[in-house]
Amino acid sequence: MARDGAVYVCQSCGASHTKWAGQCTACGAWNSLVEEVTSRPPGALAPTRAGKTRGLAFETLETESATPPRIVTGVDEFDRVCGGGVVPGSAILLGGDPGVGKSTLLLQVCASAAARGASCAYISGEEAVEQIRARAHRMGLGHTPVQLAAETALRDILDGLKKEHFDLVVIDSIQTLWSDAHEAGPGSVTQVRSCAAELVRLAKKRGVAVLLVGHVTKDGQIAGPRVVEHMVDAVLSFEGERGYPFRILRGAKNRFGATDEIGVFEMGDSGLREVRNPSALFLNEGGERAAGAAVFAGIEGSRPVLVEFQALVAPSAYGTPRRAVVGWDSGRLAMVLAVLEARCGLGFGTRDVYLNVAGGLRISEPAADLAAAAALASSALDAALPQDCVVFGEVSLSGDVRPVSRMEARLKEAAKLGFSRALGPSGVEGVIGVSRLADAVRRIGEEAWD
Ligand code: TYD
Ligand code: MG
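In this text, all values refer to a predicted model and were calculated from it rather than measured experimentally. (Residues numbered from 1 in each chain as written. Chains lettered and ligands numbered in written order. Predicted model: local features only at pLDDT ≥ 70, side-chain atom pairs only at ≥ 80, totals over all residues. Heavy atoms only, no water.)

Participant: I would appreciate a short explanation of the sheet that holds strand β9 (residues 234–239) in the present structure.
Facilitator: Working definition: the strands of a sheet are paired by backbone hydrogen bonds and lie parallel or antiparallel to each other. Pairing is mixed in the open sheet, where nine strands are placed in the order β6-β5-β7-β8-β4-β9-β10-β11-β12. At either margin of the open sheet sits one strand with a lone partner, and together these are β6 (146–150) and β12 (271–274). On average, each strand axis in the sheet is tilted by 25 degrees relative to the strand beside it, whichever way the strands run. Where strand β4 (residues 91–96) lies against strand β8 (residues 209–215), six bridges are found, and the strand directions are parallel. Counterpart to Leu94 in the pairing with β8 is Val213. On the sheet, helix α5 (residues 189–206) packs against β4, β7 (168–172) and β8 and is oriented at approximately 160 degrees with respect to β8. (Pairing = 2+ DSSP bridges. Helix = DSSP H or I, 4+ residues; strand = E, 2+ residues; numbered from the N terminus. Axes fitted to C-alpha atoms, helices over the stretch in contact; angles between N-to-C directions. Contact = heavy atoms within 4.5 Å.)

Participant: What should I look at first to understand the packing of helix α7 (residues 330–344) against helix α10 (residues 437–446) in this one?
Facilitator: Each packed pair of helices is defined by two parameters, the angle between the axes and the distance between the axes. As a packed pair, α7 and α10 sit with axes 10 Å apart at the nearest point and diverge in direction by 85 degrees. One element, α7, and the other, α10, form an angle in the roughly perpendicular class. Facing Val339, Leu340, Arg343 and Cys344 of α7, the residues of α10 in contact are Leu437, Ala438 and Val441. Grouping the amino acids of the contact of α7 with α10 by side-chain chemistry returns six nonpolar, no polar and one charged. (Parallel < 35°, antiparallel > 145°, perpendicular 65-115°, else oblique. Nonpolar A, V, L, I, M, F, W, Y, C, P; charged D, E, K, R; others polar.)

Participant: Please clarify how the packing of aromatic side chains should be interpreted in this entry.
Facilitator: Aromatic ring pairs are described here by two measures, namely the spacing of the ring centres and the angle between the planes. Evaluated as defined, the whole model comprises three aromatic pairs. Their ring planes at 80 degrees and their centres at 5.9 Å tell us that Phe238 and Phe265 sit as a pair that is edge-to-face. Taken together, the positions of Phe238 in strand β9 and Phe265 in strand β11 (residues 262–268) put the pair 27 residues apart, joining distant regions of the chain. Owing to a relative accessible area of 2%, Phe238 belongs among the buried residues under this scheme. The buried category is assigned to Phe265, whose relative accessible area is 1%. With a centroid separation of 6.0 Å and 85 degrees between ring planes, the pair formed by Phe296 and Phe309 is classed as edge-to-face. (Phe/Tyr/Trp six-rings, centres within 6.5 Å; stacked < 30°, edge-to-face > 60°. Buried < 20%, exposed > 50% of the residue type's maximum accessible area, 1.4 Å probe, protein only.)

In structure tokens, the structure reads:
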């Protein structure tokens, strides 16, 4: 039996249990339960003194309330993902792998906002002030009026932020903070949750925009606390493939804007450079387009982006053929392969399949199905697509090619970059229409394009 007042909190998903167990029944993680002592059973309200509650006051939707303007940081790619600047009093979580450039991005955001007149603080629990300063100088931001501090004790941070008013505060990172109200170590769910809750409360109460950095674990979760995701107003993730300079900022949750917007940056010697027109970035420039390549006319957020899908289908040396995919969903690849087998007569049973999205971009649009299928068919049949052809369309399990959103914008962007042909769903003007995937495969195999 559990001791009085003890709860066992899973360090992986934050679920609390009344009894210790080797495995968390909520998320299945092993050895992740850690005892937390509270003075009341989980879920129970703290006792209030009689007469001390304020009661519940209702308001109508009509009442005008003055909303302060957003803080436009001046890093446009960041502002756009936030929904047009940072909302004062909001809390934003920025997640990403270690080394992807979170600290660099937020230092730039801070410096840029400060240069535009906002009062900004950058509090680091990971680096010393000298290190941050040296980095800022290297990035050419040495002259901006950002207030720096190196601190991990939550109490000191809160005290400091109560004494001085800031418009925008960066906390790098939430996993390094510790509150003396708990015994658990920094980075544990207990600490992360309570530190984040305190900071969110401060943000709301004093109208400070708080940007929290959160590291991401191996399996892509923001470490420990999915709990933090519920508390904050927006969750942004910063992504990039190793070996590529491009970094993509994505919104995963946003109470103040759309979540499908992306910001594109390029990491260089002096920090991150904004890429304002990313459409040509992910194309393989120059040379003939080889068999196995197909250019997808995609949409990322509000902008069209052209990106190359590269496939290699090769005889398998081992009994179990390999399927490897970078930049696309492996489940989706399995589906497209199954449709190519079942509806188009292409066999992959004894062949290895590799699929790669060039440039390190991650594509999640269903509109990319036809482009992936075309790249796979092109490699399997050893027949290249025309140099000047883009591809888009959703593929259903029955092998039909379906229309997708914003086809006109896709075609327009493709034309702008010199692509004069498009392979896509039938019935669309300016598109080589295929109503079934088998038709597309036939065209690719016969190289019948005119
Ligand atoms: P950083 O912002 O420290 O990553 P995070 O906070 O997400 O862990 O970025 C670290 C990487 O960025 C590091 O590998 C070096 C690289 N970098 C540059 O290439 N150029 C630069 O100007 C800076 C500041 C960093
Ligand atoms: Mg960092």
